[in-house]
Amino acid sequence: MTYEFLQHYWCFLVALLGAILVFLLFVQGANSCIRSLGWTEEGKRLVLNSTGRKWEFTFTTLVTFGGAFFASYPLFYSTSFGGAYWLWMIILFTFVLQAVSYEFQNKLGNFLGPRTFQFFLILNGLLGPLLLGGAVATFFEGSNFIIEKNNLIDAGSFTPIISRWANASHGLDALLNPWVLVFGLAVMFLARILGILYVMNNVNDEDIRSRGSVRLLGNTIPFLILFVAYLVHLLLKDGFAYNEAGVIFMEPYKYLSNFIDMWYLLILLLIGVVLVLFGIGKTIVSKDYNGGIWPAGIGTVLTVLALLLCSAWNHTAYYPSTADLQSSLTMANSCSSEFTLRTMFYVSLLVPFVLAYIVYAWRAIDKKKLDKQEIIDDHAY
């Protein structure tokens, strides 16, 4: 195991966690459709209890994603989570609102009323995917930060801080880039699509399933427009590359070249897109089919995985700086030491066992379809 192999290995694991996180955003997506899917108070509770069984998976994956990034690429963690903290604080705040809303919306003594907490869930369902998608888009579009590693060894330096944001917005300036918003909106509509597919599969209610087909079509059209527009933009734009000496430079059609050079990622991307379209299309066309969440979910993981790896592999700066090009982060200049990566490699061999437990827990929770009888239970949300 060479140092370069370990860098690529951990980049793959972090990208996989990010791809799984995007799939699990179906919880947020379904919550953003509470009123249109549920319509009645009973229907809303069915939707909330369906997603309420899974919200811990999304939150845990988000924390694990951040932890894996911190352990393997600490300079990215300190730059993004530390510099762009307003962006990440808003994301985390909406997820905290989600957890509180699930627990307290129907509790005795809730003086705010259930509708207030339902509004918080809808807010999380819209802002969570939008801002997370925008954060991912900065891997291609760049962010305003400056890296000064000499601060650690410069005796005359007033602060040992390595990275700092180049303006006072601390991450919110990324939303001023229209292409960041396009990708963020695409992720938001994708989360809504996955949420609708999941509820249609998980809830045994004909009214919700019939409404889901209509809402599915209404969210698929804007998603396809936004996703195709961003994909074309990505393939035609200049990308952030670096040479053997570590010098970052702009390369025309960099991401298109990445997909050509790494043809296996292109195949992964195409398979993922086809699976997503198949899951959506068959659900809309066939009234008896409600398993679209599985091909669409697997397709989402493959598509996002291909995009994230395209942003980092093949001598590409995965976190480019628009304030100072040479401050851009690459796998080589931002990763942990070889000893740390090697030690964590052996720890990562336990991941299949964790995934096996998640699959077991998921199957146990979803063994029986949710129906109106279950929301009468005292433990229901």
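Data block above holds the structure.
So, a few notes on the structure that sits alongside this text. These numbers were taken from a predicted model, which means no experiment stands behind them. (Residues numbered from 1 in each chain as written. Predicted model: local features only at pLDDT ≥ 70, side-chain atom pairs only at ≥ 80, totals over all residues. Heavy atoms only, no water.)

1. Section: the overall build of the chain
Move 1: A tally of helices and strands in the chain yields 16 helices and four strands.
Move 2: A compact globule built from 381 residues would reach a C-alpha radius of gyration of about 21 Å, and the chain, at 21 Å, matches this within 12%.
Move 3: Along the first, second and third principal axes, the C-alpha atoms of the chain reach 65 × 45 × 40 Å.
Move 4: Considering only contacts within the chain whose residues lie at least 6 apart along the sequence, 76% involve residues at least 24 apart.
Move 5: As displayed, the chain has an accessible area near 17600 Å², and 71% of this comes from carbon and sulfur atoms. (Helix = DSSP H or I, 4+ residues; strand = E, 2+ residues; numbered from the N terminus. Rg over C-alpha atoms; globule rule 2.2 N^0.38 Å. Contact = heavy atoms within 4.5 Å. Areas by Shrake-Rupley, 256 points an atom, 1.4 Å probe, with all protein chains shown as cover.)

2. Quick notes on empty space enclosed by the protein
Move 1: The full count for this structure, using the stated rule, is one cavity of 30 Å³ or more.
Move 2: In terms of lining, the largest cavity is formed by Cys11, Val14, Ala15, Phe65, Phe69, Tyr73, Phe139, Leu308, Ser311, Ala312, Tyr318 and Met331.
Move 3: Put simply, the parts of the chain that give the lining of the largest cavity at least two residues each are helix 1 (3-24) and helix 5 (55-72).
Move 4: A per-element tally of the lining of the largest cavity places helix 1 first, with three residues.
Move 5: Across the lining of the largest cavity, the residue classes tally to eleven nonpolar, one polar and no charged. (1 Å grid on protein atoms, 1.4 Å probe; cavity = no way out; pocket = protein on both sides within 12 Å on 5 of 7 lines; lining within 4 Å. Points joined across faces, edges and corners; volume = space filled by probe spheres on them. Nonpolar A, V, L, I, M, F, W, Y, C, P; charged D, E, K, R; others polar.)

3. With respect to helix 5
Move 1: Between its first and last C-alpha, helix 5 extends 26 Å over 18 residues, near the 26 Å set by a 1.5 Å rise per residue.
Move 2: By the burial criterion, the buried members of helix 5 are Trp55, Phe57, Thr58, Thr61, Leu62, Phe65, Gly66, Ala68, Phe69 and Ser72. Buried residues of helix 5 fall within an arc of 165 degrees about the axis and therefore sit on the same side. (Expected span 1.5 Å × (residues − 1). Buried < 20%, exposed > 50% of the residue type's maximum accessible area, 1.4 Å probe, protein only. Arc of directions from axis to C-beta.)

4. A look at the side chain of Ser321
Move 1: Examined against the element boundaries, Ser321 turns out to sit in the loop between helix 13 (293-310) and helix 14 (331-334).
Move 2: Among the polar contacts made by the side chain of Ser321, one reaches the main-chain carbonyl oxygen of Phe145 at a distance of 2.6 Å.
Move 3: At 3.3 Å, the side chain of Ser321 and the backbone nitrogen of Ala323 are in polar contact.
Move 4: Beyond its immediate chain neighbours, meaning those up to four positions away, Ser321 contacts Ser143, Phe145, Ser327 and Ser328. (Polar contact = N/O pair within 3.5 Å; in protein donor to acceptor, adjacent residues only side chain to side chain.)

5. Side note on helix 6 (residues 74-83)
In an α-helix, one turn spans 3.6 residues, which is why side chains three or four residues apart end up on the same side.
Move 1: Taken together, the buried positions of helix 6 are Leu75, Phe76, Thr79, Ser80, Phe81 and Gly83.
Move 2: For helix 6, the secondary structure elements touched by its buried residues are helix 5, helix 7 (85-104), helix 8 (114-141), strand 1 (145-147), strand 2 (163-165) and helix 14.

6. Some points on the environment of Val228
Move 1: With respect to the helices and strands, the residue Val228 is situated in helix 10 (residues 206-236).
Move 2: Using a relative accessible area of 46% as the deciding quantity, one classes Val228 as partly exposed.
Move 3: Here the alpha-carbon distance between Val228 and Phe183, two residues 45 residues apart in the chain, equals 9.9 Å.

7. Some points on the pattern of salt bridges
Move 1: For the structure shown, the criterion picks out two salt bridges.
Move 2: Put simply, Asp207 and Arg211 hold a salt bridge, and the shortest N to O gap is 3.4 Å. Placement of both Asp207 and Arg211 in helix 10 is noted, with a separation of four residues, approximately one turn of the helix.
Move 3: Classification of Asp207 as partly exposed rests on a relative accessible area of 37%.
Move 4: The salt bridge partner of Arg342 is Glu338, with a shortest N-O separation of 2.8 Å. Placement of the pair is Arg342 and Glu338 together in helix 15 (residues 338-348), with a separation of four residues, close to one helical turn.
Move 5: With relative accessibility at 26%, the residue Arg342 sits in the partly exposed group. (Salt bridge = Lys/Arg side-chain N within 4 Å of Asp/Glu carboxyl O.)

8. Focus: the pairing of strand 3 (residues 239-242)
It is a general feature of regular strands that their side chains alternate between the two faces of the sheet.
Move 1: Of the two faces of strand 3, the one lined by Gly239 and Ala241 and the one lined by Phe240 and Tyr242 are each fully buried.
Move 2: In textbook terms, the turn of a hairpin is the stretch between consecutive antiparallel strands, and for strand 3 and strand 4 (residues 248-251) this stretch comprises five residues, one of which, Gly246, has a positive phi near 85 degrees. (Pairing = 2+ DSSP bridges.)

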